[in-house]
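Observations on chain architecture
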Amino acid sequence: MSSDNEPTWRICRKAVWMLIQNVNNLADAEALLNRQENDLHIASGKCFILLLTAIQRPEKSRLESAQAEFKRFEARCGAMLDGGGWLGMVRRKLQFSSGAAAGVDHYDGQIALADVTLCIVGLMVVKVMNGYNVGHIAIAKTVYSLRRVWKMYQQCYASVLDVYRAVYDLDPDENAPRWPPVLKRRQSSSAASLASTSNVGSRMYRSATTSFETFRQDSVSNEMSKDVIRLMTAVSVGYGAFNLILSLVSPMMIPLIGMLGFRGNRRTGLDALMFAKNGPDVHAPLAWLILSWYHMMGNTDFLFDGPHSRENETYVKESEQLVCNPPEEFRNSTSLQYFIGRSFYLKGDLEQSIRAYEIGSTVLVDNSFVSMKTMCLHELGFMYAIKLDWIAAYKKFASVAEVWMKQYHYFMATVCAGAAGDTTTAELMRRRTDEVVSGCRSDACRGTMNSFMESKETKVAEALRWTAAASSEDDADSKHGHVLCNHCDGQRYCRLIAYEVLYVKYGVAKWPEDALHAVLSDCQEAEDDDNTMLYTKQLLTVVCQRVLGFVDDYRQSLIDIVENMDRNQRRDHLYVYGVYELTAEQIRHNETIEEGKRTVQKLKDIKRSYHFQHFYEMRCVSLQAYVQKLNVR
């Protein structure tokens, strides 16, 4: 306890989230934690802060210093849990422990050990992402550490749940705690020990060192009940996050992660995190953050117009509940405004989404380790583009390009300015894109859109020249610079590129009707069009008409698109997206479900690198998981 009788786990929560809310508060956060340096919770909080600062400023010296501190704390937790080695283990088994508090300390130590080991893994990820040479042996050790952390969370969750089940009103067969907890009526001292025989599923591993045997039903005080709640919520974060993240991996990766000892259940993970977000310590805001990320950014079942999203509208309600009930650390924060904006977009309310992002992008202090102000500007660019407000879109992209992913955002600013017919601004943005590319040729500078941008660079320049020549009504100039097409509208070409990127990133299911009609209008064939954007227009026409409900069945149109690309050996990203849309369309109809299941195999066989591969793989993960559920039914 601190000098003012405040629990150290509460001090830890204050310090960590003080820092996350404002990165300039590092000195204040550290001062708050310096009150009791030897306390377990305080030391754990310092490790978390070290990881956050390493993520923000990944200098080699900072990373090495953080790793050394993590290793020291890991050794300290390990020594504490040894508890006298073999003799201590025997004493605990024979229930010679002095009191219930030893059980609380033991589980605090287990959770702290798992958390700090996960920090070590996180530090390795930071090194890899920043181009440091870590070596194959270090990577192998990291995978082993990750597996060890998973086992720790499994064991600790199983044992603490035993105690929670006995103390609170929970069925013996239930493997997830409920909120709010309801304390059971006191039983006599002859009642069974609180260490129940349930093991949260047969796959859980039990350990003699992970028992809460000193607890007895007749001796659980109200204060001890609170400790059980805190421990249950704390361990539920790691346990739930592992289950959730492992459930999101591609089905093609499941055999590999199974060999490594990992297994994930999405429902189990979500239930654990929903419980954990109500907890009192530093883990609770983290649980809320993970859930918000999943529901509004990582949920492939709902982000795109796949079969899952048409079946389950509860995703919208769950995202609404999260943004309406944030933890106190996130109230009035940029992060909350970002998630509110995402929530409104998923509901199809573009105006409210833009309003939330605008609030998040205009804060005076960019107050997060992950710049949520920048993320709001990024989303605003795309929201205005979906709204067909090309001027506002290019201004937002140009703003965010000053601080993040310069080539990507300058390219989008170029396209949006070109779509608006502002060739002077578009040409300025295009030159800035070229300057960024010239100054950054290493692989570390390459992003997910780079190859696509490079493939469009020449024709975008031609489109801008043609638009400028046409607007100046100079007949001499208008005869030059139209390799793109004889008399193609340069503005329309820029809009088509923007539509293509928007479709890949967001799908089209949440777009306003006027935007969908505008896409269909721009995708109509003109007499002087060449085939540069032929398949883009054909695919966009099908997906937009489907959302508008013009025709119920688009299978034949999609079959024609895929077969034509096959004949022309056009195997780019449009081909794989065409195969995806065909598969989704086949699965929508009872009479072609079996055919759709066979087409899924084609998705698995496509292993080359493509533009926008990340978004394609996200769609495939959702679709393949849906097909697996159909096979089980």
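The paragraphs below set out a description of the structure included in this document. Every value quoted in this text rests on a predicted model; they were computed, and no experiment measured them.

Notes on helix α25 (residues 534-548)
Between the first and last C-alpha of α25 there are 21 Å, a value that for 15 residues agrees with the 21 Å anticipated at 1.5 Å per step. Counting buried residues along α25, 11 of its 15 residues qualify, which places the element largely inside the surrounding structure. Buried within α25 are the following residues: Y535, T536, K537, L539, L540, T541, V542, V543, C544, R546 and L548. The elements touched by buried residues of α25 are α23 (490-506), α24 (513-522), α26 (555-567) and α27 (573-588). The positive-phi residue at the C-terminal boundary of α25 is G549, with phi of around 75 degrees.

Examining the pattern of salt bridges
Should the charged atoms of two oppositely charged side chains come close, the side chains can pair. This structure, assessed with the given rule, holds 21 salt bridges. Here D108 and R230 are joined by a salt bridge, their closest N and O atoms 2.9 Å apart. Within this pair, whereas D108 is found in helix α6 (residues 100-129), its partner R230 is found in helix α8 (residues 222-247), the two being separated by 122 residues in sequence. Using a relative accessible area of 9% as the deciding quantity, one classes D108 as buried.

Some remarks on the packing of α25 against α26
Where α25 contacts α26, the two axes come as close as 10 Å, and the packing angle between them is 160 degrees. As judged from the angle between their axes, α25 and α26 are roughly antiparallel. The way α25 lies across α26 gives a crossing that is left-handed. Listed contacts from α26 to Y535, Q538, L539 and V542 of α25 are S557, L558, I561, N564 and M565. Residues that form the contact of α25 with α26 fall into these classes: 6 nonpolar, 3 polar and no charged.

Topic: the nonpolar core
Ranked by size, the top nonpolar core spans 123 residues in total, and within it V16, F382, M383 and W511 carry the most contacts. A total of 11 residues in this core trace back to one element, the largest contributor, which is α23. Beyond its immediate chain neighbours, meaning those up to four positions away, V16 contacts G45, F48, I49, L52 and V282. One finds L81, Y107, Y239 and L246 within the second-largest nonpolar core, a separate group that totals 47 residues.

Description of the packing of aromatic side chains
For any two aromatic rings, the description comes down to two numbers: the centre-to-centre distance and the angle of the planes. The final tally for this structure, using the stated rule, is 18 aromatic pairs. Geometrically, the ring pair formed by F382 and Y506 is tilted, given 5.6 Å between the ring centres and 55 degrees between the ring planes. In this pair, F382 is assigned in helix α17 (residues 372-386) and Y506 in helix α23, connecting sequence segments 124 residues apart. The pair F382 / Y506 is uniform in exposure class, with both members buried. Through pairs of rings, three or more aromatic residues link up here, namely W17, W288, F330, Y338, F339 and Y357. For the cation-ring pair, K505 lies above F382, with the distance from its terminal atom to the ring centre recorded as 5.2 Å.

Focus: helix α3 (residues 40-56)
Owing to its 3.6 residues per turn, the α-helix brings residues three or four apart onto one side. In this model α3 runs 25 Å from its N-terminal to its C-terminal C-alpha over 17 residues, within 8% of the 24 Å that 1.5 Å per residue would give. Burial runs high along α3: 13 of the 17 residues are buried. Backbone nitrogen of H41 and a side-chain oxygen of the N-cap are separated by 2.8 Å at the start of α3; the cap is D39.

Topic: the packing of α26 against α27
Closest axis-to-axis distance for the α26/α27 pair is 9 Å, and the angle between their directions is 150 degrees. Classified by the angle between their axes, α26 and α27 sit roughly antiparallel to one another. Of the two elements, α26 crosses α27, and the hand of that crossing is left-handed. Taking contact as the criterion, the partners of R555, L558, I559, V562, M565 and D566 in α26 are, on α27, L574, Y575, G578, V579, E581, L582, E585 and Q586. Tallied by class, residues from the contact of α26 with α27 come to 8 nonpolar, 2 polar and 4 charged.

A few points about the environment of Y164
Looking at where Y164 falls in the secondary structure, it is placed in helix α7 (residues 136-167). Measuring from C-alpha to C-alpha, the distance between Y164 and P181 comes to 8.9 Å, with 17 residues separating the pair along the chain.

A word on a nonpolar patch on the surface
On the surface, I139, V143 and L260 cluster together into a nonpolar patch covering about 200 Å² of accessible area. Mapped onto the fold, L260 is located in the loop between α9 (254-259) and α10 (266-276).

Thresholds applied
Residues numbered from 1 in each chain as written. Predicted model: local features only at pLDDT ≥ 70, side-chain atom pairs only at ≥ 80, totals over all residues. Heavy atoms only, no water. Helix = DSSP H or I, 4+ residues; strand = E, 2+ residues; numbered from the N terminus. Expected span 1.5 Å × (residues − 1). Buried < 20%, exposed > 50% of the residue type's maximum accessible area, 1.4 Å probe, protein only. Contact = heavy atoms within 4.5 Å. Salt bridge = Lys/Arg side-chain N within 4 Å of Asp/Glu carboxyl O. Axes fitted to C-alpha atoms, helices over the stretch in contact; angles between N-to-C directions. Parallel < 35°, antiparallel > 145°, perpendicular 65-115°, else oblique. Left-handed = near helix turned anticlockwise from the far one by under 90°. Nonpolar A, V, L, I, M, F, W, Y, C, P; charged D, E, K, R; others polar. Core = buried A, V, L, I, M, F, W, Y, C linked by side-chain atoms within 4.5 Å. Phe/Tyr/Trp six-rings, centres within 6.5 Å; stacked < 30°, edge-to-face > 60°. Lys NZ or Arg CZ within 6 Å of the ring centre and 35° of its normal. Polar contact = N/O pair within 3.5 Å; in protein donor to acceptor, adjacent residues only side chain to side chain. Patch = residues over 30% accessible without salt bridge, like charges linked within 9 Å, V, L, I, M, F, W, Y side chains within 5 Å. Areas by Shrake-Rupley, 256 points an atom, 1.4 Å probe, with all protein chains shown as cover.

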